[in-house]
Amino acid sequence: MPVLPGAEPYRHEGGEVGVLLCHGFTGSPQSMRPWAEYLAERGLSVSVPLLPGHGTRWQDMQLTTWQDWYAEVDRALRELLGRCRTVFVFGLSMGGALTLRLAARHGDAVRGIVLVNPANKVHGLAAHALPVVRHLVPSTKGIASDIAKEGVAEVGYDRVPLHAAHTMRRFFRIVDAELPQVTQPVVLLHSPQDHVVPPADSARILSRISSTDVTEILLEQSYHVATLDHDAERIFDESLAFVERLTPELVDGKGSRSGG
């Protein structure tokens, strides 16, 4: 199947500081593209992979599992590590869960992480019914485009494939058990008005990670897809300041390589 316009993966060859950006469940790199381009314009190397089963049609996602999604971001991280001296990982929603697992498993190879409305659990009674219902009903109403800003839309599916939702639920449980292994510096930004992921997920993550360098920021003007919403510029600026603070020897005030 052809990739939806705007959902293509994105890559930029920049300096010695690399950033991997992980998009969310049923979403696409389009939700991360402005953030990625902001970082690229400031001299960083950037990679935004398209998760398997995403960016085409929701039926394609039914055939994929969390192992497929994680394998893709793990591959992209290893690629960045092969050409950059320092690498950060940023994630939105389920991309935040992928980010946390990369941090837990790769340790010091990941310099720091930025999470935007990270997901930690499938909530509600429907979650408990997923193991059975997914065999009876293929999909349910979509979750894309939870955005406060007028006229802005997310390139994502209008249906949630339930086989995929079931495997995501299992993935969240695995990541939750691994949270104490996360020790890197963290910036977590979340929206009080989020119609997809409740604030409880961010609170749970912050309570279980072992990181000591932690910054929590509220995105008061945005809904779930905050990277495309009113607070997008703040997310971009805060993430760049975070990278610069942790890599003063590599990044100057404009985000480019020292001496470059």
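Our structure's up above, just so we're on the same page.
Fair warning: this is a prediction, and the values are worked out from it, not measured in the lab.

**Q** Quick one: what's the story with the packing of helix H3 (residues 66-83) against helix H4 (residues 94-106), residue by residue and with numbers?
**A** At their nearest, the axes of H3 and H4 sit 10 Å apart, and the two run at 60° to each other. In this view, H3 runs oblique relative to H4, as classed from their interaxial angle. Note on packing geometry: the crossing formed by H3 with H4 is right-handed. Across the interface between the two elements, Trp-66, Trp-69, Tyr-70, Val-73, Asp-74, Leu-77 and Arg-78 from H3 touch Met-94, Leu-98, Arg-101, Leu-102, Arg-105 and His-106 from H4. When its residues are assigned to classes, the contact of H3 with H4 shows 8 nonpolar, 1 polar and 4 charged.

**Q** Can you lay out the environment of Ser-222 for me, pointing to particular residues and giving the numbers?
**A** Tracing the backbone through its elements, the reader meets Ser-222 in the loop between strand E9 (214-218) and helix H8 (232-246). With sequence-adjacent residues up to four places away left out, Ser-222 is seen in contact with Ser-191, Gln-193, Asp-229, His-230 and Asp-231. Looking at Ser-222, its side chain comes within polar contact range of the main-chain nitrogen of His-230, at 3.5 Å.

**Q** Tell me what's going on with the pairing of strand E2 (residues 17-22), and back it up with residues and numbers.
**A** Most of E2 sits out of view: 6 of its 6 residues are buried. Of the two faces of E2, the one carrying Val-17, Val-19 and Leu-21 and the one carrying Gly-18, Leu-20 and Cys-22 are both buried. Here E2 runs beside strand E4 (residues 86-92); their pairing, made up of 6 bridges, is parallel. Looking at E4, one finds that Leu-21 is bridged to Phe-90. Taken together, the 3 bridges between E2 and strand E3 (residues 45-48) define a ladder with parallel strand orientation.

**Q** Account for the nonpolar core, naming residues and giving values.
**A** Nonpolar side chains tend toward joint burial in soluble globular proteins. Leu-20, Phe-25, Trp-69, Leu-100 and Ile-113 are the most contacted members of the largest nonpolar core, which has 44 residues in total. Taken together, the elements giving at least two residues each to this core come down to E2, helix H2 (58-61), H3, E4, H4, strand E5 (112-116), helix H6 (162-178) and strand E8 (186-190). Among residues more than four places away in sequence, those in contact with Ile-113 are Val-89, Thr-99, Leu-100, Ala-103, Val-182, Pro-185, Val-186, Val-187 and Phe-242. In terms of nonpolar packing, the next biggest core, distinct from the first, is built from 34 residues, Trp-35, Leu-39, Leu-219 and Leu-250 among them.

Each value, and the rule that gives it
- Residues numbered from 1 in each chain as written.
- Predicted model: local features only at pLDDT ≥ 70, side-chain atom pairs only at ≥ 80, totals over all residues.
- Heavy atoms only, no water.
- Axes fitted to C-alpha atoms, helices over the stretch in contact; angles between N-to-C directions.
- Helix = DSSP H or I, 4+ residues; strand = E, 2+ residues; numbered from the N terminus.
- Parallel < 35°, antiparallel > 145°, perpendicular 65-115°, else oblique.
- Left-handed = near helix turned anticlockwise from the far one by under 90°.
- Contact = heavy atoms within 4.5 Å.
- Nonpolar A, V, L, I, M, F, W, Y, C, P; charged D, E, K, R; others polar.
- Polar contact = N/O pair within 3.5 Å; in protein donor to acceptor, adjacent residues only side chain to side chain.
- Buried < 20%, exposed > 50% of the residue type's maximum accessible area, 1.4 Å probe, protein only.
- Pairing = 2+ DSSP bridges.
- Core = buried A, V, L, I, M, F, W, Y, C linked by side-chain atoms within 4.5 Å.

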